[in-house]
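# Analysis of the macromolecular model
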Amino acid sequence: MLLNAKEILLKEILYQYLNQLNMICHCEKCIEDVLAISLNQVKPQYITDIDKISYSKSEMVDKQKNTAMLVILTEAASTVTTYPRCENHLPLNKENR
Ligand SMILES: [Zn+2]
């Protein structure tokens, strides 16, 4: 099975820091939007076995890489918050505030 290790890692970091990302909506669609935007900015890292994720994780223990991922996630979160595409916050359109 082909898996993108970056997807798994980004998802973990996203949920770990979810409350610090200042998102106005935490619905599945917004979370997926944040992940999609973030994943499009990082090089995918494909693994063939979920067990190999531990190898990628040990690489992520590198604080600098972890922070870089968090920066990407933070920027993606603010994009989604500024231009939300889910119905939960349509009335909160920035221009109308
Ligand atoms: Zn939402």
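Keep in mind the model is a prediction, meaning the values are calculated, not measured.

Thresholds applied
- Residues numbered from 1 in each chain as written.
- Predicted model: local features only at pLDDT ≥ 70, side-chain atom pairs only at ≥ 80, totals over all residues.
- Helix = DSSP H or I, 4+ residues; strand = E, 2+ residues; numbered from the N terminus.
- Buried ≥ 20, exposed ≤ 12 C-beta atoms within 10 Å, placed from the backbone.
- pLDDT = per-residue confidence, 0-100.
- Axes fitted to C-alpha atoms, helices over the stretch in contact; angles between N-to-C directions.
- Parallel < 35°, antiparallel > 145°, perpendicular 65-115°, else oblique.
- Left-handed = near helix turned anticlockwise from the far one by under 90°.
- Contact = placed C-beta atoms within 7 Å.
- Nonpolar A, V, L, I, M, F, W, Y, C, P; charged D, E, K, R; others polar.
- Expected span 1.5 Å × (residues − 1).
- Arc of directions from axis to C-beta.
- Core = buried A, V, L, I, M, F, W, Y, C linked by C-beta atoms within 7 Å.

Structurally, E75 can be placed in helix 4 (residues 63-82). Here E75 falls in the partly exposed class, since 15 other C-beta atoms lie within 10 Å of it.

Parts of the prediction with low pLDDT should not have their coordinates interpreted in detail. On average, residues of the protein score 86 in pLDDT, and 86% of them reach the 70 mark or higher. Across the protein, the element-wise mean pLDDT spans from 70 in helix 3 (residues 53-60) up to 96 in helix 2 (residues 28-39).

Turning to the packing of helix 2 against helix 4, a few remarks are in order. Two elements in contact, helix 2 and helix 4, have axes whose closest approach is 8 Å; the angle formed by their N-to-C orientations is 130 degrees. When the interaxial angle is binned, helix 2 and helix 4 end up oblique. Classified by chirality, the crossing of helix 4 by helix 2 is right-handed. Residues C30, D33, V34, I37 and S38 of helix 2 form the contact with helix 4, whose participating residues are I72, L73, A76, A77, T79 and V80. Grouping the constituent residues of the contact of helix 2 with helix 4 by class yields 8 nonpolar, 2 polar and 1 charged.

The next point concerns helix 4. Helix length check: helix 4, at 20 residues, gives a terminal C-alpha distance of 28 Å against a target of 28 Å (1.5 Å per residue), a fit within 8%. Of all the positions in helix 4, only M69, L73, A76, A77 and V80 are classed as buried. The arc that holds every buried residue of helix 4, seen down its axis, measures 105 degrees, which confines them to one face. Set apart from the buried face of helix 4 by more than 90 degrees, the exposed residues are K63, Q64, T67, A68, V71 and T82. On the buried face of helix 4, the contacting elements are helix 1 (5-16) and helix 2.

On to helix 1, then. Within an α-helix, residues lying three or four positions from one another point in the same direction, as the helix has 3.6 residues per turn. Relative to the 16 Å expected for 12 residues at 1.5 Å per residue, helix 1 spans 17 Å between its end C-alpha atoms, a close match to the ideal helical length. Every buried residue belonging to helix 1 is among L9, L10 and L14, and all of these are buried. Buried residues of helix 1 fall within an arc of 135 degrees about the axis and therefore sit on the same side. Helix 1 presents Y15 and Q16 as exposed residues on the side facing more than 90 degrees away from its buried surface.

A separate point is the nonpolar core. Where a protein is soluble and globular, its nonpolar side chains tend to be buried together. The biggest cluster of nonpolar side chains holds 12 residues, and these are L9, L10, L14, M23, C30, I31, V34, M69, L73, A76, A77 and V80. Mapped onto this core, the elements with two or more residues apiece are helix 1, helix 2 and helix 4. Here A76 is in contact with V34, I37 and S38, once residues within four sequence places are set aside.

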